[in-house]
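# Tertiary structure, described
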Amino acid sequence: MKTIKNLITSICVLLLLCSNTYAQETETVTLITNASIFDGISEDLVTGQDILIKNNIIEQIGEKIKAPKGAKLIDAAGRVMTPGFIAMHEHLMLQMSAPELLTSDTRYYAYRATETVHTYLMNGYTTTRDVSGNTFGLKKAIDQGHILGPRIYPSGPMISQSGGHSDHRMPSMSSQLVGGIWDPLTRYGDMAVVDGVPEMLKAVRENLRQGASQIKLALGGGTGSYSDPLEVVEFLPEEVKAAVQAAEDFGTYVTVHCYNNQGVKRAIDNGVRCVEHGQLMNEETLQLMKDKDIWLSPQVIVFTFIPKGYTEDQANKHRQAYAGIDNMFTIAKKIGFDNIVFGSDIITDPSMIVRMNEEFKHRSKWFSPVEILRQATSKGGELLAMSGPKNPYPKKLGVIEVGAYADLLLINGNPLEDITILTNATDNIALIMKDGKVYKNIIN
Ligand SMILES: [Zn+2]
């Protein structure tokens, strides 16, 4: 008996030793010296800072940190360091023309998505929130290191009602009541269409089961769908309430696609925590969002071009949405609403993903550089943290502080003085680190 006990103890010690050896072998330490830090919040740069990174976490920040033995050294030479950017309204699976999206097979989607996520990372985005698309496998492949790309907070398929913003069946297709089939986006899990509380609950819970970190619903008409003008309201209050309850029971939140005022009000009244777009709402509604601490996730760049394959009707809705942006941001500035995050909503066009940092420039019509940089870093991080136990990356994102994930950029030039330098990521983003690993370095 004693021998068996001894044997078990020896095996346990051996296993412990092995796991320690493994941990030591895989530990990476990097010291970045002499950076001028924008921490994601403060408008003043802190110059002459060293940042010590152990594995994927920021371990220490300060002046003249002694390099641990074996540490990799990077001299920032006074460059501005920012947190990695966070893009909060992205469609990583949907970067093909509308006809291609509706005719390609899922593996082709996946191959194309690998190119999309690489572009995001090379533009400085270390985290994205996907707000409609079957990105579960893509996220897993990135997390495991098979594909280079940003972290992904997946919503899974956006959920709408029949004839709503997720419904991409042509108007000529047969009704479901007589056995009509779904369009490929629905069949492939990039969109979901439901009616009534039981179907809503099923869809929300299926998304959560697959790994959604938040739930996205459509509460009003959209530019890319066929049947719904921007003014229409989608989902009954009880359907929205059921989705919110199911999400909250899993500790996370619901965000909604909606442009029009009535839909946004319905969202607020039923417990939704974030509104995507929102540019047709009025001051009273935005004030209500401010009072209730609700988030706004707007975009500009997607409305500066007509997505590939849009019909004239869709293009007109797109122009209508663009026209509302100025009013929304003007009201936001007037009432001091700043629960605003960054994102692009680019669909159907990989060449626009390459240019997505133009979103920084577009926003400078209404916001100062530091306000825009906060939107693209700490504000996004705050909203992502609302995923609670469903948060796939539970440490801090969007800030440079001890204990946060080591998602860091070094910039040539000072974006707090000239935000437009970020539109040229190739030349002006000198270093991209995600999770403590360097993916681009043109410093040395
Ligand atoms: Zn969108």
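Worth saying up front: this structure is predicted, and the values here are computed from it rather than measured.

A tally of helices and strands in the protein yields 15 helices and 17 strands. Over its C-alpha atoms the protein spans a radius of gyration of 23 Å, differing by no more than 12% from the 22 Å that the globule rule assigns to 444 residues. Each principal axis of the C-alpha distribution contributes one length, and for the protein these read about 70 × 70 × 40 Å. The buried share of the protein, taken over its 444 residues, is 48%. Within the protein, contacts between residues separated by at least 24 positions form 70% of all contacts whose residues are at least 6 apart in sequence.

Turning to the domain arrangement of the protein, a few remarks are in order. By a frequent convention, interface size equals the accessible area lost on bringing the separate parts together. The domains assigned to the protein are domain 1 (27-83 + 400-441) and domain 2 (85-366). The gap between the C-alpha centroids of domain 1 and domain 2 is 31 Å. Of the residues lining the interface, 12 residues belong to domain 1; the matching set on domain 2 comes to 13 residues. For the side of domain 1 that touches domain 2, the elements supplying multiple residues, two or more each, are β16 (429-434) and β17 (437-441). Take the side of domain 1 that touches domain 2: its biggest share by element is 3 residues, from β16. When its residues are assigned to classes, the side of domain 1 that touches domain 2 shows 7 nonpolar, 2 polar and 3 charged.

Successive side chains on a regular strand alternate, one facing one side of the sheet and the next facing the other. The buried fraction of strand β7 (residues 125-130) is high, at 6 of 6 residues. As defined by bridge partners, strand β6 (residues 85-90) adjoins β7 across 4 bridges and the pair is classed as parallel. Looking at β7, one finds that Ala87 is bridged to Thr128. Pairing geometry for β7 and strand β8 (residues 151-154), over 4 bridges, is parallel. What sits directly across from Thr128, in β8, is Ile152. The parallel pair β7 and β8, bridged by helix α4 (residues 136-143), forms a crossover whose chirality is right-handed.

So, about the pairing of strand β11 (residues 215-218). Side chains of β11 alternate between two faces, with Ile215 and Leu217 and Lys216 and Ala218 buried alike. Each parallel crossover has a hand, and for β11 linked through helix α7 (residues 237-249) to strand β12 (residues 254-260) it is right-handed.

Relative to each other, helix α6 (residues 197-210) and α7 sit at 30°, their axes nearing to 9 Å. Judged on the interaxial angle alone, α7 and α6 are roughly parallel. Where α6 crosses over α7, the handedness of that crossing is right-handed. When α6 is examined against α7, the residues Val197, Met200, Leu201, Val204 and Arg205 are found in contact with a partner set consisting of Glu238, Glu239, Ala242, Ala243, Ala246 and Ala247. Each residue belonging to the contact of α6 with α7 can be placed in one class, and the counts come to 8 nonpolar, no polar and 3 charged.

For the rest of this paragraph, the subject is the nonpolar core. Met81, Leu217 and Ala243 are the most contacted members of the largest nonpolar core, which has 118 residues in total. No other element matches the 6 residues that α7 contributes to this core. Residues lining this core come from more than one domain, with at least three contributed by each of domain 1 (27-83 + 400-441) and domain 2 (85-366). Excluding residues within four positions of it along the chain, Ala243 makes contact with Met200, Val204, Ile215, Leu217 and Val254.

Let us now look at unusual backbone geometry. Notably, Lys64 is not glycine yet its phi reads approximately 50°, a positive angle. By secondary structure assignment, the location of Lys64 is in the loop between β3 (57-62) and β4 (72-75). The class of Lys64 is exposed, set by 9 C-beta atoms lying within 10 Å. One non-glycine residue, Asp345, adopts positive backbone phi at about 60°. For Asp345, the location among the structural elements is in the loop between α11 (325-335) and α12 (350-354).

Attention shifts here to the sheet that holds β8. If you walk across this open sheet you meet the 3 strands as β6-β7-β8, and the pairing is parallel. The sheet is open, and its two edges are formed by β6 and β8, each paired on a single side. Adjacent strand axes in the sheet meet at a mean angle of 15° when their direction is disregarded.

Our next topic: the packing of helix α9 (residues 283-291) against α11. Look at α9 against α11: their axes get within 10 Å of each other, and the N-to-C directions meet at 50°. The angle between the axes of α9 and α11 places the two elements in the oblique class. Crossing geometry of α9 relative to α11 is assigned as right-handed. Between α9, through Glu283, Leu286, Gln287 and Lys290, and α11, the contact on the second element is made entirely by Ile331, Ala332 and Ile335. Its residues assigned to classes, the contact of α9 with α11 shows 4 nonpolar, 1 polar and 2 charged.

Cut-offs used in this document
Residues numbered from 1 in each chain as written. Predicted model: local features only at pLDDT ≥ 70, side-chain atom pairs only at ≥ 80, totals over all residues. Helix = DSSP H or I, 4+ residues; strand = E, 2+ residues; numbered from the N terminus. Rg over C-alpha atoms; globule rule 2.2 N^0.38 Å. Buried ≥ 20, exposed ≤ 12 C-beta atoms within 10 Å, placed from the backbone. Contact = placed C-beta atoms within 7 Å. Domains from an automatic or database assignment. Nonpolar A, V, L, I, M, F, W, Y, C, P; charged D, E, K, R; others polar. Pairing = 2+ DSSP bridges. Right-handed = clockwise from strand over helix to strand, strands pointing away. Axes fitted to C-alpha atoms, helices over the stretch in contact; angles between N-to-C directions. Parallel < 35°, antiparallel > 145°, perpendicular 65-115°, else oblique. Left-handed = near helix turned anticlockwise from the far one by under 90°. Core = buried A, V, L, I, M, F, W, Y, C linked by C-beta atoms within 7 Å.

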